[in-house]
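# Summary of the model geometry
Listed below, chain by chain, are the residues.
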Amino acid sequence: MFVKPAPGRAVRWPGTMRLLKAQGESVPENGFWLLLLRNGDVVQATPPAASAAPAIPAPSPAPASGGATATPEPAEAHA
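Conventions adopted
- Residues numbered from 1 in each chain as written.
- Predicted model: local features only at pLDDT ≥ 70, side-chain atom pairs only at ≥ 80, totals over all residues.
- Heavy atoms only, no water.
- Helix = DSSP H or I, 4+ residues; strand = E, 2+ residues; numbered from the N terminus.
- Contact = heavy atoms within 4.5 Å.
- Areas by Shrake-Rupley, 256 points an atom, 1.4 Å probe, with all protein chains shown as cover.
- Pairing = 2+ DSSP bridges.
- Buried < 20%, exposed > 50% of the residue type's maximum accessible area, 1.4 Å probe, protein only.
- Polar contact = N/O pair within 3.5 Å; in protein donor to acceptor, adjacent residues only side chain to side chain.
- Phe/Tyr/Trp six-rings, centres within 6.5 Å; stacked < 30°, edge-to-face > 60°.

### Details of the overall build of the chain
The helix and strand inventory of the chain stands at one helix and three strands. Starting at the N terminus and ending at the C terminus, the chain contains elements arranged as β-β-α-β. Put simply, of all contacts in the chain between residues at least 6 apart along the chain, 47% involve residues at least 24 apart. Accessible surface for the chain amounts to roughly 6,200 Å². Of this, 60% is attributable to carbon and sulfur atoms.

Set out below in structure tokens:
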């Protein structure tokens with residue numbers, strides 16, 4: 001669901017304590033955000049057309065050293 005802080009309110013993300021952006025953000029539809037919505041701390045909003053699709057972060061650039069990249073071990077190796 002897409003919400004933004006109600007006028008005059010500052011709302012923090014649980015866990016990170018980062019402020020919810022004033023223009024709004026997509027948040028999980030869980031008890032925390034539903035409670036804030038019911039209490040009037042956030043309001044449902046329409047996402048801007050440009051951010052309708054969730055942004056996918058770009059992958060980290062490969063190391064310039066030309067060395068081998070780390071490969072994760074199979075889960076059964078840690079048993």
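More follows now that the structure is in view.
### What to know about the pairing of strand β1 (residues 2-5)
Here two bridges tie β1 to strand β2 (residues 25-26), and the two strands are oriented antiparallel to one another. Residue pairing in the sheet places F2 in a bridge with S26 of β2.

### A look at unusual backbone geometry
Even without being glycine, M17 reaches a positive phi, approximately 65 degrees. Given a relative accessible area of 48%, M17 falls into the partly exposed group.

### Comments concerning helix α1 (residues 31-39)
The N-terminus of α1 is capped by N30, whose side-chain oxygen sits 3.2 Å from the backbone nitrogen of F32. Residue G40 follows α1 closely and has a positive phi angle near 85 degrees.

### Looking at the packing of aromatic side chains
Considering all chains together, one arrives at two aromatic pairs under this definition. Centre to centre, the rings of W13 and W33 are 5.0 Å apart; their planes meet at 70 degrees, and the pair counts as edge-to-face. A residue pair is termed long-range when its members are at least 10 positions apart, and W13 in the loop between β1 and β2 and W33 in helix α1 qualify at 20 residues. Both residues of the pair, W13 and W33, count as buried. Seen in terms of ring centroids, F32 and W33 are 5.0 Å apart; in terms of plane orientation they differ by 85 degrees. Their pairing is edge-to-face. Owing to a relative accessible area of 33%, F32 belongs among the partly exposed residues under this scheme. Grouping aromatic residues by their ring pairs yields a cluster made of W13, F32 and W33.

### Overview of the environment of G40
Secondary-structure assignment places G40 in the loop between α1 and β3 (42-44). As for G40 and P7, which are separated by 33 residues in sequence, their C-alpha atoms are 9.6 Å apart. When residues no more than four places from it in sequence are discounted, the contact partners of G40 are A6 and R9.

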